[in-house]
There are 2 protein chains.
Amino acid sequence: MSLSGNALVGQSGGPTAVINQTLVGVIKAALAADEIGAVYGAIHGIGGILAGEICDLSAEDPDNLEVVAGTPSSALLSVRLKPTDDICRRIFERFKQLDVRYFFYIGGNDTAETTHIINEMARADGYELRCFHCPKTIDNDLLVTDHCPGYGSAARWVCQAFMGDNLDNRSLGGIKINIVMGRDAGWLTAASALARVFPEDGPHVIYCPEADFDLARFCAEVEAVYRRIGRCVIAVSEGVHGPGGAAIVDLGEVDSHGNRQLSGSGALGDFLADTLKAHMGKAFPDQKHRIRADTFGYLQRCFPGVVSEVDAAEARRAGEAAVAAARSGEHDSGSIAFRRAEGAYAVDTFVTPLSTVAKDTKAMPRDWLNEAGNDVVEDKLMPYLRPLVGALPAIGQLTMQRIEMP
Amino acid sequence: MSLSGNALVGQSGGPTAVINQTLVGVIKAALAADEIGAVYGAIHGIGGILAGEICDLSAEDPDNLEVVAGTPSSALLSVRLKPTDDICRRIFERFKQLDVRYFFYIGGNDTAETTHIINEMARADGYELRCFHCPKTIDNDLLVTDHCPGYGSAARWVCQAFMGDNLDNRSLGGIKINIVMGRDAGWLTAASALARVFPEDGPHVIYCPEADFDLARFCAEVEAVYRRIGRCVIAVSEGVHGPGGAAIVDLGEVDSHGNRQLSGSGALGDFLADTLKAHMGKAFPDQKHRIRADTFGYLQRCFPGVVSEVDAAEARRAGEAAVAAARSGEHDSGSIAFRRAEGAYAVDTFVTPLSTVAKDTKAMPRDWLNEAGNDVVEDKLMPYLRPLVGALPAIGQLTMQRIEMP
């Protein structure tokens with residue numbers, strides 16, 4: 001059933017490298033729809049709706065929109081704000097004022113929850129509104145969908161980073177810890193496994209939040225790798241924890257969604273490096289070890305120039321699919337999800353209820369990690385991951401055929 | 001004068017994204033030279049010469065050599081070892097055993113010093129040996145040369161990282177500190193300025209070791225930016241220091257060249273973030289600020305897929321030029337340097353004595369930084385930097401034309 005009115009689109013939460021592909025997918029599809037009048041942009045998401053900071057997206061140059069689509073991070077700017085009943089009430093006032101009948105909100109599960117609350121309020125109010133959530137998250141932790149736009153590019157960045165770091169570590173030796181984003185799910189940390197090209201390439205151990213982390217075991221496992229090949233590259237999720245979710249290092253800060261600060265600090269990496277220095281000092285009392293930690297931090301989520309082509313194309317499709325779903329009237333709300341076809345890589349989009357995506361997140365299956373919880377199971381992860389990341393830079397090695405010394 | 005004998009090539013010090021271009025430049029040029037017999041590779045630099053870990057580079061597949069050339073980090077593996085007289089004596093024994101008459105050593109100023117010591121010993125011994133140093137360093141701090149192979153690619157990485165981080169910060173606000181490599185010179189940190197595309201793009205303040213760093217002034221300058229635009233992206237060199245070189249945070253570790261550990265720890269970033277949190281808490285008692293620090297660490301020095309084409313081509317030329325200089329016999333030793341032509345970007349190579357490159361390093365001219373020491377002078381830096389980095393990813397912005405609220 002055709003519904004006449006205006007459309008409003010916004011972006012929420014942390015950025016990705018391809019979130020503007022989704023935005024431009026929404027904008028261009030909405031501008032092309034006869035029953036949709038104005039296409040508005042909410043500046044800083046629902047924050048902009050509340051503040052009356054709203055822009056006219058039909059005024060944007062179509063060619064420039066393509067440059068914006070290829071630019072990382074939220075072009076409409078973003079927000080971290082959990083909507084209360086009062087906030088939702090004020091958002092509806094705006095929607096009514098502006099005759100907004102189509103609302104597209106791009107973000108993660110917190111954003112889906114926001115969209116869901118607004119949708120429920122619209123229903124209760126008897127206000128006809130089509131509310132669609134477009135997924136994005138580098139964490140790949142949304143329920144229902146096969147994978148999330150934004151993940152492939154972030155995973156690509158993590159792979160390239162580990163490729164370089166493995167080469168660095170191989171040339172100079174020592175032990176290197178890299179801390180990767182991922183609050184509750186190890187998807188991004190696990191992607192580091194794809195960096196391995198040659199036998200003995202790192203990461204040599206991989207720690208994800210899906211398996212409990214134990215400091216003593218960690219030290220013993222790193223020591224074993226070091227004894228075997230004289231070096232070790234380590235991937236650690238920022239979200240690793242002991243049994244029952246016990247924090248390894250707790251920085252204390254909590255955001256408005258109750259999430260505790262993990263990124264933007266080198267504390268976990270430095271703590272693990274110090275712990276390993278003490279351990280290796282005892283295990284090898286006569287040797288000096290070069291033990292370093294890098295925290296990848298915010299770099300991995302929207303690095304211009306390191307983008308998966310598949311991810312970019314799918315992010316665009318998610319935006320277009322949201323507008324198509326809203327126009328069809330088959331659903332008055334939902335979240336766009338991907339379904340993977342059997343055989344050669346291909347995806348379909350479908351609509352899943354907002355309630356199925358809001359609130360909870362999806363961890364990696366535990367059996368995609370080995371029993372010891374210190375590596376991925378490549379046979380399970382790689383077929384899933386490879387098509388999302390795309391072809392990686394070529395890495396070569398010399399054969400280094402030793403001469404016989406005279 | 002044509003000198004018959006074998007060639008030996010090695011790599012030393014930290015890796016770069018293009019150091020293997022130089023290596024392959026040396027290998028291919030040496031293999032093509034009639035008077036050069038075997039072309040040997042020292043595995044782990046002079047460490048491999050001492051240990052008898054030497055490989056036959058004529059056995060490498062030429063096509064694979066091109067893949068290796070495009071692979072970051074030292075393909076022959078690297079070493080950090082300051083040669084003593086005893087070590088040099090043992091190196092000559094090897095050279096005599098293997099009839100090595102051409103020695104090519106790729107690295108920074110420490111490597112040039114090593115090459116210089118070996119060259120002096122060869123002269124004193126009356127052993128005819130042509131010793132050439134090929135420059136590489138992401139720090140761009142070698143004397144004499146206009147710039148160093150490896151710098152352009154690392155600078156490119158830093159630019160792309162700041163482009164992404166500025167977009168991230170723009171979308172969500174707050175204060176973000178990024179710590180960039182560079183022990184004594186701010187070249188790499190200064191390159192962050194090239195990330196600015198639009199007015200108000202970050203980095204908004206840039207701190208290099210060429211200007212004394214003062215914590216109180218730093219806090220005040222960040223606060224001023226925050227008061228003006230509501231956010232701030234900060235570039236800080238890991239090597240910043242107070243008057244007389246006083247460390248801001250000292251980690252205590254020192255390597256065999258007497259260099260103190262700066263990288264591989266988040267300590268400086270975390271310290272600056274904590275200091276800013278305290279300062280901003282007092283300046284804005286009613287607001288909560290999002291203040292984060294990322295330490296770019298080892299990522300910036302050899303990230304596959306983020307390579308400046310000019311840098312790669314020049315690194316190859318440096319290797320080829322070293323072999324050409326050695327063959328010509330015009331000099332029995334030297335370091336390859338670049339001279340920039342007037343007008344449109346172009347470089348020539350020339351040979352400078354090893355003693356002019358060894359030991360000391362070159363900081364940025366102080367007047368390439370502004371008087372306050374918190375930003376670069378774009379008119380001076382940009383014409384120098386742009387051609388080395390190459391065209392950066394396109395960054396777009398929406399015009400966001402506000403609608404009048406009803």
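Quick caveat, the model's predicted, so the values are computed rather than measured.

**Section: the overall build of chain A**
Part 1 of the argument: Helix and strand counts for chain A stand at eleven helices and eleven strands.
Part 2 of the argument: Since a compact globule built from 406 residues should have a radius of gyration of about 22 Å, the 23 Å found for chain A is in line with a globular shape.
Part 3 of the argument: When the backbone C-alpha atoms are referred to their principal axes, chain A occupies close to 85 × 45 × 35 Å.
Part 4 of the argument: Split into buried and exposed, the 406 residues of chain A put 58% on the buried side.
Part 5 of the argument: Of the contacts made within chain A by residues no fewer than 6 positions apart, 77% connect residues no fewer than 24 positions apart.

**As for the interface of chain A and chain B**
Part 1 of the argument: Between chain A and chain B, the residue contacts involve 68 residues of the former and 68 residues of the latter.
Part 2 of the argument: Sorting the residues of the side of chain A that touches chain B by element identifies β2 (36-42), β3 (54-56), α3 (62-69), α6 (151-172), α9 (267-283) and β9 (291-295) of chain A as the ones contributing at least two each.
Part 3 of the argument: Looking at the side of chain A that touches chain B element by element, the count peaks at ten residues for α6(A).
Part 4 of the argument: A breakdown of the residues in the side of chain A that touches chain B according to their chemical character gives 32 nonpolar, 24 polar and twelve charged.

**Re the pairing of strand β6 (residues 174-180) of chain B**
All names here are of chain B.
Part 1 of the argument: Counting buried positions over the seven residues of β6 gives six, a clear majority of the element.
Part 2 of the argument: One ladder, built from seven bridges, connects β6 with strand β8 (residues 231-237); its direction is parallel. Opposite Ile177, over in β8, you have Ile234 as the bridge partner.
Part 3 of the argument: Bridging between β6 and strand β9 (residues 291-295) involves five bridges; their strand directions are parallel. Of the residues in β9, the one forming a bridge with Ile175 is Ile291.

**Some thoughts on the nonpolar core**
Part 1 of the argument: One finds Phe104(A), Ala191(A), Ala322(A), Phe104(B), Ala191(B) and Ala322(B) to be the most contacted residues of the largest nonpolar core, which totals 258 residues.
Part 2 of the argument: What Phe104(B) contacts, discounting residues up to four positions off in sequence, is Ala7(B), Val9(B), Val26(B), Phe132(B), Cys134(B) and Ala322(B).

**Overview of the environment of Glu93(B)**
Part 1 of the argument: Among the structural elements, Glu93(B) can be located in helix α4 (residues 85-97).
Part 2 of the argument: In this structure, the C-alpha to C-alpha distance between Glu93(B) and Cys232(B), residues 139 residues apart in sequence, is 58 Å.

**Regarding the sheet that holds β9(B)**
Residue and element names in this part refer to chain B.
Part 1 of the argument: As summarised here, the arrangement of the four strands in space is β7-β8-β6-β9, forming an open sheet in which the pairing is parallel. Each edge of the open sheet is held by one strand with a lone partner, namely β7 (205-207) and β9. Going across the sheet, the axis of each strand differs from the next one's by a mean of 15 degrees, ignoring polarity.
Part 2 of the argument: Contacts from helix α6 (residues 151-172) reach β6 and β8, with the element oriented near 165 degrees to β6.
Part 3 of the argument: Lying on the sheet, helix α8 (residues 215-229) is in contact with β6, β7 and β8; it crosses β8 at an angle near 150 degrees.

**Here's the deal with the packing of helix α8 (residues 215-229) of chain A against α9(A)**
Each pair of packed helices gets described by two things: the angle between the helix axes and the distance between those axes.
Residue and element names in this part refer to chain A.
Part 1 of the argument: Interaxial distance between α8 and α9 falls to 10 Å at its minimum, and their mutual angle equals 55 degrees. Taken as axis vectors, α8 and α9 run oblique relative to one another. Crossing of α8 against α9: the hand is right-handed. Note on element contacts: α9 touches α8 through Thr275, Leu276, His279, Met280 and Ala283, opposite Leu215, Cys219, Val222 and Glu223.
Part 2 of the argument: Grouping the amino acids of the contact of α8 with α9 by side-chain chemistry returns six nonpolar, two polar and one charged.

**Concerning the relation of the copies chain A and chain B**
Part 1 of the argument: Of the transformation placing chain A onto chain B, the axial shift is 0.0 Å and the rotation is 180 degrees, giving an RMSD of 0.0 Å. The superposition operator between the copies reduces to a two-fold rotation axis. Taking the C-alpha atom as reference, chain A places Gly266(A) closest to the rotation axis, 2.2 Å from it.

**Observations concerning unusual backbone geometry**
Part 1 of the argument: Note that the residue after Gly202(A), namely Pro203(A), is joined by a cis bond; omega there is 5 degrees.
Part 2 of the argument: Position of Pro203(A) among the secondary structure elements: in the loop between α7 (187-190) and β7 (205-207).
Part 3 of the argument: Look at Asn140(B): it is not a glycine, yet its phi comes out positive at around 60 degrees.
Part 4 of the argument: One can find Asn140(B) in the loop between β5 (130-135) and α6.
Part 5 of the argument: Given 28 C-beta atoms within a 10 Å radius, Asn140(B) is considered buried.

**A look at the confidence of the model for chain A**
Detailed conclusions should not be drawn from predicted coordinates in areas where pLDDT is low.
Part 1 of the argument: The predicted model of chain A averages 94 in pLDDT, with 96% of residues at 70 or higher.
Part 2 of the argument: Predicted as a complex, the structure gets a pTM of 0.96 and an ipTM equal to 0.95.

The rules behind the values
- Residues numbered from 1 in each chain as written.
- Chains lettered and ligands numbered in written order.
- Predicted model: local features only at pLDDT ≥ 70, side-chain atom pairs only at ≥ 80, totals over all residues.
- Helix = DSSP H or I, 4+ residues; strand = E, 2+ residues; numbered from the N terminus.
- Rg over C-alpha atoms; globule rule 2.2 N^0.38 Å.
- Buried ≥ 20, exposed ≤ 12 C-beta atoms within 10 Å, placed from the backbone.
- Contact = placed C-beta atoms within 7 Å.
- Nonpolar A, V, L, I, M, F, W, Y, C, P; charged D, E, K, R; others polar.
- Pairing = 2+ DSSP bridges.
- Core = buried A, V, L, I, M, F, W, Y, C linked by C-beta atoms within 7 Å.
- Axes fitted to C-alpha atoms, helices over the stretch in contact; angles between N-to-C directions.
- Parallel < 35°, antiparallel > 145°, perpendicular 65-115°, else oblique.
- Left-handed = near helix turned anticlockwise from the far one by under 90°.
- Least-squares fit on C-alpha atoms with pLDDT ≥ 70 in both.
- pLDDT = per-residue confidence, 0-100.

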